[in-house]
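What follows is each chain in one-letter form.
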Amino acid sequence: MPTGVISPLASERRKEYRVQVRLRGKLHSGGRTIPLEIGDISPSGALVLLKGAPNTGTGGELWIEEYGPIAVEVKHSGSYFCGVAFAEPDRHQHGLTKWLTDERGKKYVFPM
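The present account deals with the structure reproduced in this document. (Residues numbered from 1 in each chain as written. Predicted model: local features only at pLDDT ≥ 70, side-chain atom pairs only at ≥ 80, totals over all residues. Heavy atoms only, no water.)

This part is about the overall build of the protein. If you tally the helices and strands in the protein, you get one helix and seven strands. In sequence order, the protein lays out its α and β elements as β-β-β-β-β-β-α-β. Looking at the protein as a whole, 40% of its 112 residues qualify as buried. Residue pairs at least 24 apart in sequence account for 50% of intrachain contacts in the protein once pairs closer than 6 positions are excluded. (Helix = DSSP H or I, 4+ residues; strand = E, 2+ residues; numbered from the N terminus. Buried < 20%, exposed > 50% of the residue type's maximum accessible area, 1.4 Å probe, protein only. Contact = heavy atoms within 4.5 Å.)

All right, on to the side chain of D102 then. Looking at the secondary structure, you find D102 in the loop between α1 (89-101) and β7 (109-110). Looking at D102, its side chain comes within polar contact range of the main-chain nitrogen of G105, at 3.2 Å. (Polar contact = N/O pair within 3.5 Å; in protein donor to acceptor, adjacent residues only side chain to side chain.)

Note that strand β4 (residues 59-64) and strand β5 (residues 68-77) share six bridges and pair antiparallel. By the bridge assignment for β5, G59 is matched with E73. If you look at the hairpin formed by β4 and β5, you'll find three residues sitting between the two strands, and E66 has a positive phi there, around 70°. Relative to strand β6 (residues 81-86), β5 runs antiparallel, the two being bridged by five bridges. Bridge assignment links V74 to a residue of β6, and that residue is V84. (Pairing = 2+ DSSP bridges.)

Moving on, we come to the pattern of salt bridges. Pairing between side chains of opposite charge can happen when the charged atoms of each approach one another. Inspection of every chain in the model, using the stated rule, returns six salt bridges. Residues joined in a network through salt bridges with shared partners are R22, R24 and E37. (Salt bridge = Lys/Arg side-chain N within 4 Å of Asp/Glu carboxyl O.)

With the rule as written, the count across this model stands at two aromatic pairs. Centre to centre, the rings of W99 and Y108 are 5.9 Å apart; their planes meet at 25°, and the pair counts as stacked. The exposure class assigned to W99 is buried, which follows from its relative accessible area of 2%. Given a relative accessible area of 17%, Y108 falls into the buried group. Among the aromatic residues, those joined into a cluster by ring pairs are Y67, W99 and Y108. (Phe/Tyr/Trp six-rings, centres within 6.5 Å; stacked < 30°, edge-to-face > 60°.)

A word on the pairing of β4. Across four bridges, the pairing between strand β1 (residues 19-29) and β4 is antiparallel. Looking at the pairing, G25 lines up with I64 of β4.

Given a rise of 1.5 Å per residue, 13 residues ought to cover 18 Å, and the 18 Å separating the end C-alpha atoms of α1 matches this to within 8%. Where α1 is buried, its residues meet β1, β2 (32-41), β4, β5, β6 and β7. (Expected span 1.5 Å × (residues − 1).)

Function-wise, these values are silent; they only describe arrangement.
What follows is the structure, encoded as structure tokens:
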């Protein structure tokens, strides 16, 4: 990642480095398709901003515009957000990092 793009957060729940992003996409889960925005992303998951988040433990597919689909599980859920964990983080870590630092994806990354 470019210098200054990744920074650690102090929260106990978030021990990994996270990147603040503004990505759009959809969450396909339980027969529903929910439009969303991704607020931040880490090597193993993301903070998803959406209305009517699925319940904790629900599986689904996170589709990120210009990137593609990632299988996820909802780890925590609120009225307008949910935290998702990637089902296969090792499979997507390299591809996401490459995409967020190349010309197509870096326009969505913001310093924290």
